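Working through the structure, step by step
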Amino acid sequence: MKTLVIWAISAFMLVAPASAELIKDDNPYRLLEKVAEQTFARIANERDMINENPDHLKVIVEDELMPYVDNIFASKKVLGRYFKDTSNEQRQAFYQAFTDYIIATYARAFTQYDEAKHEVEFVNPKDVSPSDRDVTVETRVVESGRDPIRLNFRVRYDAGSEIWKAYDLVVEGVSLLSSKQSEINAVIRSRGIDNTIELLNNKAQQPIRLDDEVDVPA
């Protein structure tokens, strides 16, 4: 399962704009295909920089991925029932810590990704009506000699920014958002919210190595 999570998060990198200017499309299926194509180009172009300084992956993730991730919505979902037990100051600190942790986690996942070996296929594209606000985009991660990995991106429309944003990824039927909620809630129960925030911050600040694996709070 850990291998699936690594490849899944690597594929999740594709949900990103390829430049500072956001790519907008009323159809999230077309949107993901456009940004995937352009993101592959940036990864390939900056491979030498990544090899020289693996922390550059954090820059790519923050620049290219995070504008298309609904990190506040995901943070609230992960905080779950502890939301009501925290102050506004603690919530804001948690949102920032969890966002930085996401960036670092995705950057580490990218160390497992090789654009020369992996391909992402979009399947079952659908038309989206004006009333649709939450859809599932199906993809497959394909590598020669391996069975394809089934990925379902859960994407919601952010009316404020008028773009579609990803907030969850279902890997072979398992929700990464739900899994992360269980893991972090266990840390909050045992250590409290302030210590959990500190732990996330510490993990986010750790340097990236090319032999890194995806990590979770423990």
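Reading the values: the criteria
- Residues numbered from 1 in each chain as written.
- Predicted model: local features only at pLDDT ≥ 70, side-chain atom pairs only at ≥ 80, totals over all residues.
- Heavy atoms only, no water.
- Axes fitted to C-alpha atoms, helices over the stretch in contact; angles between N-to-C directions.
- Helix = DSSP H or I, 4+ residues; strand = E, 2+ residues; numbered from the N terminus.
- Parallel < 35°, antiparallel > 145°, perpendicular 65-115°, else oblique.
- Left-handed = near helix turned anticlockwise from the far one by under 90°.
- Contact = heavy atoms within 4.5 Å.
- Nonpolar A, V, L, I, M, F, W, Y, C, P; charged D, E, K, R; others polar.
- Core = buried A, V, L, I, M, F, W, Y, C linked by side-chain atoms within 4.5 Å.
- Buried < 20%, exposed > 50% of the residue type's maximum accessible area, 1.4 Å probe, protein only.

1. Considering the packing of helix 7 (residues 176-191) against helix 8 (residues 193-205)
Following both chains from N to C, one finds helix 7 and helix 8 inclined at 125°, their axes separated by 7 Å at the closest point. When the axes of helix 7 and helix 8 are compared, the pair comes out oblique. Note on packing geometry: the crossing formed by helix 7 with helix 8 is right-handed. Contacts between helix 7 and helix 8 pair Ile184, Val187, Ile188 and Arg191 from the former with Ile193, Asn195, Thr196, Leu199 and Leu200 from the latter. A class-by-class count of the residues in the contact of helix 7 with helix 8 yields six nonpolar, two polar and one charged.

2. Some words on the nonpolar core
Ranked by size, the top nonpolar core spans 30 residues in total, and within it Val61, Met66, Phe94, Phe98 and Ile184 carry the most contacts. Secondary structure elements with two or more residues in this core: helix 4 (56-65), helix 5 (71-79), helix 6 (88-110), helix 7 and helix 8. If one sorts the elements of this core by residue count, helix 6 sits on top with ten residues. Among residues more than four places away in sequence, those in contact with Phe94 are Ser75, Val78, Leu79, Ile184, Ile193, Ile197 and Leu200. Formed by 18 residues, the second largest nonpolar core is a distinct cluster that contains Ile23, Val35, Val137 and Val171.

3. Digging into the environment of Gln112
Its location among the elements puts Gln112 in the loop between helix 6 and strand 1 (118-123). Taking the C-alpha atoms as reference, Gln112 lies 7.9 Å from Asp211; in sequence the two are 99 residues apart.

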